[in-house]
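Structural description and commentary
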Amino acid sequence: MFCRYCGTELPEDTQICPSCGKDNSPAKETSKEKSSAKTKKTRLKFLGIEDKTGGFTKNDRESNRGLALLSYIPLLFLVPMLAGKESPYARFHASQGLLMFIIGLIIWAIKGVFYFLWLIPVLRIILSVIYSILSIVWLLLTLYLLVTTSQAKAMKLPGIGGVELFG
């Protein structure tokens, strides 16, 4: 558990942060913090992102965070898939990483198809804009998944996150 005011790591049963001295008990959560958390959940739901963190034990998330991070580096999704067979958290991220890898391959294949249409000047501009947008969205999504995974969270990919390629 971490202090919600200063970020210091706290022992499990500690209510008062030894660093900043503020109370971190759940009952002391202010209405402003509650509305902020509710707004964040609404925003994530609007984007199609679902938080699946509660479905995994804290011990599993913390001990397999490193394996899960490897999932989003192209081709390294194989490491948590093979080494983290006993961890549902590592398998979840390996499946997500495989989906991101497949999406990256599809974007790359689209660029190959575009290559043959580059001879037409008007299409060249339109296709390069489409390819650039797809590449940027893929990169931002990958970075988002890396950041949330480094925080020991499990965020389901929007739209296709329900697809489990292996269990």
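The structure we're discussing is the one just above.
Structure report, in brief.

Side note on the overall build of the protein
A count of helical and extended segments in the protein gives six helices and two strands. Reading the protein from its N end, one meets helices and strands in the order α-β-α-α-α-α-α-β. Residues classed as buried in the protein amount to 28% of the 167 residues present. Of all intrachain contacts in the protein linking residues separated by at least 6 positions in sequence, the fraction that spans at least 24 positions is 57%.

What about a nonpolar patch on the surface?
Together, Leu119, Ile120, Val122, Ile126, Ile130 and Leu134 give the surface a local cluster of nonpolar side chains, amounting to about 560 Å² of exposed area. Of note, leucine 134 is situated in helix H6 (residues 121–150).

Observations regarding the environment of cysteine 3
Mapping cysteine 3 onto the fold places it in the segment before helix H1 (31–47). Residue cysteine 3 is classed as buried on the basis of its relative accessible area, which comes to 4%. Taking the C-alpha atoms as reference points, cysteine 3 and threonine 14, separated by eleven residues in sequence, lie 9.6 Å from one another. Beyond its immediate sequence surroundings of up to four residues, cysteine 3 is in contact with Thr8, Leu10, Cys17, Cys20 and Asn24.

Remarks on the side chain of serine 71
Along the chain, serine 71 falls in the loop between helix H3 (65–70) and helix H4 (78–83). Not counting residues within four places of it along the chain, the set of residues in contact with serine 71 comprises Leu76, Phe77, Pro80, Ala90, His93, Ala94 and Gly97.

With respect to unusual backbone geometry
The backbone of leucine 75 shows a phi angle near 70°, a positive value even though the residue is not glycine. Structurally, leucine 75 is set in the loop between H3 and H4. Of note in the backbone geometry, alanine 152 takes a positive phi value of approximately 60° without being a glycine. Its relative accessible area of 4% is what places alanine 152 among the buried residues.

Thoughts on the pattern of salt bridges
This model, assessed by the stated rule, comprises one salt bridge. Among the ionic pairs, glutamate 62 bridges to arginine 65, the shortest N-O distance being 2.3 Å. Overall, the relative accessible area of 23% leaves arginine 65 in the partly exposed class.

Focus on the nonpolar core
A general trend in soluble globular proteins is that nonpolar side chains are found buried together. Of all hydrophobic cores here, the largest spans seven residues; its members are Ile49, Tyr72, Leu99, Met100, Leu145, Met155 and Leu157. Counting six residues, the second largest nonpolar core, distinct from the first, contains Phe56, Ala68, Ala152 and Ala154.

What counts, and where the lines are drawn
- Residues numbered from 1 in each chain as written.
- Predicted model: local features only at pLDDT ≥ 70, side-chain atom pairs only at ≥ 80, totals over all residues.
- Heavy atoms only, no water.
- Helix = DSSP H or I, 4+ residues; strand = E, 2+ residues; numbered from the N terminus.
- Buried < 20%, exposed > 50% of the residue type's maximum accessible area, 1.4 Å probe, protein only.
- Contact = heavy atoms within 4.5 Å.
- Patch = residues over 30% accessible without salt bridge, like charges linked within 9 Å, V, L, I, M, F, W, Y side chains within 5 Å.
- Areas by Shrake-Rupley, 256 points an atom, 1.4 Å probe, with all protein chains shown as cover.
- Salt bridge = Lys/Arg side-chain N within 4 Å of Asp/Glu carboxyl O.
- Core = buried A, V, L, I, M, F, W, Y, C linked by side-chain atoms within 4.5 Å.

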